[in-house]
Amino acid sequence: MAADFDEPVFDEEFVKSAVFTEPSARERARPPSRRERRRTRRAARRARRGALSGGAGRFRRRRNREPSHRRAVVQLIGGVLVLFAISFALWWWNSAPRDPEPVRPVSPTVTHSPEPAPVPTAPATEAPPTVIPEV
């Protein structure tokens, strides 16, 4: 429901509960406390360290700023390269060993050859048995 023009926008409870944190002239005139001085010195040191070193402040995430598309593309390409390197390393690790020259298989050597089996000279007269006897 829309408010009429003659009704106040803020009621009396809202106005009474509103707290202003603006310091008074007397509070502004007095010197800052030890805690406040320490806090401002620390903040100034952090800001100076980030600006001078270049490295530490560069990697901090900046608030309210979208990451650049170039950085996203570089991260994507880097991720793909890392995955490719891992898969290539696993393939290399699991593949057959690579020797400079292929090894010839070594067959066992016989030191003493047996004599050949004798050849039957007489023809066999008996026919071989057709039934295997039970033992």
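Residues numbered from 1 in each chain as written. Predicted model: local features only at pLDDT ≥ 70, side-chain atom pairs only at ≥ 80, totals over all residues. Heavy atoms only, no water.

**Some remarks on the overall build of the chain**
This is how it is decided: The helix count covers DSSP runs of H or I at least four residues long, the strand count covers runs of E at least two residues long, and both are numbered beginning at the N terminus. Between buried and exposed lies partly exposed: a residue is buried under 20% and exposed over 50% of the maximum accessible area for its type, with that area taken using a 1.4 Å probe on protein chains only. Here, Shrake-Rupley sampling with a 1.4 Å probe gives the accessible areas, and only protein chains in the shown set may cover a residue.
Along its length, the chain carries five helices and zero strands. For the chain, the N- to C-terminal ordering of α and β elements is α-α-α-α-α. When burial is assessed residue by residue, the chain has 1% of its 135 residues classed as buried. Carbon and sulfur atoms make up 60% of the accessible area of the chain, which totals about 15200 Å².

**Structural notes on the confidence of the model for the chain**
Test applied: Known as pLDDT, the predictor's confidence for each residue is given on a scale from 0 to 100.
When the pLDDT values of the chain are averaged, the result is 79; 79% of them are 70 or greater. Within the chain, the element-level pLDDT minimum falls on helix 4 (residues 55–58), averaging 52, and the maximum on helix 5 (residues 69–94), averaging 94.

**A short note on a nonpolar patch on the surface**
Where we set the bar: Each patch is built from salt-bridge-free residues with over 30% relative accessible area, joining like charges within 9 Å and nonpolar side chains (Val, Leu, Ile, Met, Phe, Trp, Tyr) within 5 Å. The term salt bridge refers to a pairing of a side-chain nitrogen on Lys or Arg with a carboxyl oxygen on Asp or Glu at a separation within 4 Å.
On the surface, Val9, Phe10, Phe14 and Val15 cluster together into a nonpolar patch covering about 450 Å² of accessible area. Structurally, phenylalanine 10 is set in the segment before helix 1 (12–17).

**Details of a positive patch on the surface**
We count it as follows: In this tally, Lys and Arg are treated as positive and Asp and Glu as negative; His is ignored, and so are the chain termini. The atom standing in for a charge is NZ when the residue is Lys, CZ when it is Arg, CG when it is Asp and CD when it is Glu.
A cluster of basic residues, Arg34, Arg35, Arg37, Arg38, Arg39, Arg41, Arg42, Arg45, Arg46, Arg48 and Arg49, forms a positive patch at the surface. For arginine 34, the position within the fold is in helix 3 (residues 34–53). Using a relative accessible area of 64% as the deciding quantity, one classes arginine 34 as exposed.

**Regarding the packing of aromatic side chains**
Given two aromatic rings, their pairing is described by the distance between the two centres and the angle made by the two planes. Rules: Aromatic rings from Phe, Tyr and Trp, with only the six-membered ring used for Trp, were paired whenever their centres fell within 6.5 Å, and each pair was classed as stacked if the ring planes differed by under 30 degrees, edge-to-face if by over 60, and tilted otherwise.
Under the definition given, this model contains four aromatic pairs. Residues tryptophan 91 and tryptophan 92 carry aromatic rings whose centres are separated by 6.2 Å and whose planes lie at 65° to one another, so their mutual orientation is edge-to-face. Residue tryptophan 91 is classed as partly exposed on the basis of its relative accessible area of 48%. Residue classification places tryptophan 92 among the partly exposed positions, given a relative accessible area of 46%. These aromatic residues form a ring-pair network of at least three members: Phe84, Phe88, Trp91 and Trp92.

**A word on the environment of serine 95**
Applicable threshold: Residues adjacent in sequence count toward polar contacts only when both atoms are side-chain atoms; beyond that, a polar contact is any pair of N or O atoms within 3.5 Å, and within protein one must be able to donate a hydrogen and the other to accept it.
Note that serine 95 resides in the segment after helix 5. Reaching out from serine 95, the side chain makes a polar contact with the backbone oxygen of tryptophan 92 at a distance of 3.0 Å.

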